[in-house]
Amino acid sequence: MAATPEMRASDGDRDRVAAALREHVAEGRLSVDEFNERLAQVYESKTYGELATLTGDLPDIDLHRLPATVSGQARQRPARGRQTGLKAAWAAWATASAINWVIWLIVVVTSVQWVYPWPLWVMGPWGAILLAGTIFGKDQRRQ
């Protein structure tokens, strides 16, 4: 049966259109910004007609010859995304540490005696793991 514009598109169809858009970027027909806009629309599209409008102003590429899966290099997250993740992890560590120290300080002040600084047991292992991930995680990601 021939595909009509009203027919629902599959994930494989959307992946093929995304691959075609990547080809057009590689050939210089689309800028990176245009590609990003269209790519977002590709994965929101439900029908063949919606997909066709995204490539209507571009030369035809045989979509069934393009791979439906994304290559290994394209799957890798950009370095900026990794840095954002590290910043979020460190921010969570700092927030949790600060909250624990405030609780500890309240206990020390209200009990009028010295209390063992237990927040070190929260900060220490978590911070050591984050530090190791920050130092060594970047090199492992490139391999």
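Let me sum up the structure you'll find in this document. (Residues numbered from 1 in each chain as written. Predicted model: local features only at pLDDT ≥ 70, side-chain atom pairs only at ≥ 80, totals over all residues. Heavy atoms only, no water.)

Here we take up the pattern of salt bridges. Under the defined criterion, the tally for this structure stands at four salt bridges. For the salt bridge of Arg29 with Glu27, the shortest nitrogen-to-oxygen distance reads 2.2 Å. Note on Arg29: relative accessible area 38%, which makes it partly exposed. (Salt bridge = Lys/Arg side-chain N within 4 Å of Asp/Glu carboxyl O. Buried < 20%, exposed > 50% of the residue type's maximum accessible area, 1.4 Å probe, protein only.)

Our next topic: unusual backbone geometry. The phi angle at Val112 is positive, at roughly 55°, despite the residue not being glycine. Mapping Val112 onto the fold places it in the loop between helix 5 (79–111) and helix 6 (119–142). (Helix = DSSP H or I, 4+ residues; strand = E, 2+ residues; numbered from the N terminus.)

Bringing a nonpolar patch on the surface into the picture now. Together, Ile99, Ile103 and Val107 make up a nonpolar patch on the protein surface, roughly 230 Å² of accessible area in all. Checked against the element boundaries, Val107 lands in helix 5. The class of Val107 is partly exposed, set by a relative accessible area of 35%. (Patch = residues over 30% accessible without salt bridge, like charges linked within 9 Å, V, L, I, M, F, W, Y side chains within 5 Å. Areas by Shrake-Rupley, 256 points an atom, 1.4 Å probe, with all protein chains shown as cover.)

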